[in-house]
Amino acid sequence: AYLLWLRRLAAERWVDAAHLAPLQRLPLAYGLGIVVLAAGLAIAGYLGVPRKSAHVDLSVDSGAYFAAMGAAGIGGFVALTAVAAMAALGFRAVYRTRRGTGSASQRKRDMRWTAIAATLFTVLAFGWLLERAPGSAGSEREVRRQHAADKTRQEIDQRFQQGVMMLHAKQYDHALTSFHRVMQLAPDMPEAYVNTGYALLGMKRYKEAYDFFESATQLRRSQANAYFGMAEALEGMGDLPGALGAMRSFVHLAKANDPYRTKAESAIWEWSARLEAERNRAPARK
């Protein structure tokens, strides 16, 4: 199609036919390269070599295999070189003709560069479509990426469920191991930080637990159970006013049917009474 297009330009005197002479033998070189490439691939297929696999992964050391793949490589190189040469010589022919004789009105009406740009755009667009066509290398890369993403999601779900089971069983060390792995795979998942905080609460590591609860609220301000855990961590640290504020935030965010809402309201009433009693005792001490 490319040569026919150039010949049409020559017939319309947009390209000097003499400049196209070097292109005449290049299609033969291209065809020869394709034949050698196909023959090499056919022999490799006959030897049982899988497609799209590096030979270093196949443990193949036979001379026939390397001869077949070498022939395929040489054929592909010859074919690609012929295509590149045809493109270069075609552009050179257009360029030489453009610099040659011709009236100003003829050059003004010259549409060759527009045609060249349109041809390049068509080739690139077709290559882009082939790259994403089913069975192409680009399509297979997308499939591999999707497969890897699916495997990652499966591991996240599996590790998270393991962590929850270990947390309910009070196996806090194992729970921490699972949740840390989840945070490595999904660093923006607030639930993993919350459950890590509860595991640390079970180990009475209040300050570390508070840090994880706070990280969860930074990732998602409406993460209600993070405020519940934060309140318990602050109580363990002896910061009763801070615990009271965090628990009130939980009640504000929690749903009406939340099973921990009643416990939170009881904690708020108890902590408020304790703080009031402490304030009443303060003047008496003076």
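Residues numbered from 1 in each chain as written. Predicted model: local features only at pLDDT ≥ 70, side-chain atom pairs only at ≥ 80, totals over all residues. Heavy atoms only, no water.

A. Focus on the overall build of the protein. Tallying secondary structure elements over the protein gives 12 helices and zero strands in all. When the helices and strands of the protein are placed in sequence order, the string is α-α-α-α-α-α-α-α-α-α-α-α. Counting every position in the protein, which comprises 286 residues, the buried fraction comes to 29%. For the protein, restricting intrachain contacts to residue pairs at least 6 apart in sequence, the fraction spanning at least 24 positions comes to 55%. (Helix = DSSP H or I, 4+ residues; strand = E, 2+ residues; numbered from the N terminus. Buried < 20%, exposed > 50% of the residue type's maximum accessible area, 1.4 Å probe, protein only. Contact = heavy atoms within 4.5 Å.)

B. The arrangement of the nonpolar core in detail. By size, the foremost hydrophobic cluster in this structure holds 43 residues, and its most contacted members are Met189, Phe213, Met247, Phe250 and Trp271. Counting residues per element, the ones that place at least two in this core are helix H6 (137–168), helix H7 (172–185), helix H8 (190–202), helix H9 (206–219), helix H10 (224–236), helix H11 (240–253) and helix H12 (261–285). With eight residues, the top contributor of residues to this core is H10. Leaving out residues up to four positions away in the same chain, Trp271 has contacts with Ala231, Glu235, Leu240, Ala243, Leu244 and Met247. (Core = buried A, V, L, I, M, F, W, Y, C linked by side-chain atoms within 4.5 Å.)

C. Up close: the packing of H9 against H10. At their nearest, the axes of H9 and H10 sit 9 Å apart, and the two run at 155 degrees to each other. One way to sum up the angle between H9 and H10 is to call them roughly antiparallel. The handedness of the crossing between H9 and H10 comes out as left-handed. Residue-level contacts link Tyr206, Ala209, Tyr210, Phe213, Glu214, Ala216 and Thr217 of H9 to Ala226, Tyr227, Gly229, Met230, Glu232, Ala233, Leu234 and Gly236 of H10. (Axes fitted to C-alpha atoms, helices over the stretch in contact; angles between N-to-C directions. Parallel < 35°, antiparallel > 145°, perpendicular 65-115°, else oblique. Left-handed = near helix turned anticlockwise from the far one by under 90°.)

D. Representation of the pattern of salt bridges within the structure. As enumerated under the stated definition, the model contains 11 salt bridges in all. Here Asp211 ties to Lys207 by a salt bridge, and the two come within 2.9 Å at their closest N and O atoms. Linking Asp211 with Lys207, this pair stays in helix H9, spanning four residues, or about one helical turn. When its relative accessible area of 47% is taken as the criterion, Lys207 is described as partly exposed. Here Lys263 and Glu232 are joined by a salt bridge, their closest N and O atoms 3.8 Å apart. Taken together, the positions of Lys263 in helix H12 and Glu232 in helix H10 put the pair 31 residues apart, joining distant regions of the chain. Residue classification places Lys263 among the partly exposed positions, given a relative accessible area of 47%. Salt bridges sharing common partners tie together Glu155, Arg159 and Arg181. (Salt bridge = Lys/Arg side-chain N within 4 Å of Asp/Glu carboxyl O.)

E. Representation of the side chain of Thr196 in the model. One can find Thr196 in helix H8. Residue Thr196 is classed as buried on the basis of its relative accessible area of 0%. Setting aside residues up to four positions removed in sequence, Thr196 forms contacts with Leu176, Phe179, His180, Met183 and Phe212.

F. Quick peek at the side chain of Asn195. Structurally, the position occupied by Asn195 is in helix H8. For Asn195, a relative accessible area of 14% puts it in the buried group. In contact with Asn195, other than residues within four places in its own chain, are Phe160, Leu167 and Phe179.

G. Broad picture of the confidence of the model for the protein. On average, residues of the protein score 76 in pLDDT, and 59% of them are at 70 or above. Below pLDDT 50 for its whole length, residues 52–60 participates in 13 contacts with residues either more than four positions away or in separate chains. Low pLDDT, under 50, characterises residues 101–108; the stretch is placed with four contacts to residues that sit more than four places away or in other chains. (pLDDT = per-residue confidence, 0-100.)

H. Main features of unusual backbone geometry. In this structure, Lys170 takes a positive phi of about 60 degrees despite not being glycine. You can see Lys170 is positioned in the loop between H6 and H7. Positive phi, normally seen in glycine, also occurs at Lys204, with a value near 60 degrees. Checked against the element boundaries, Lys204 lands in the loop between H8 and H9.

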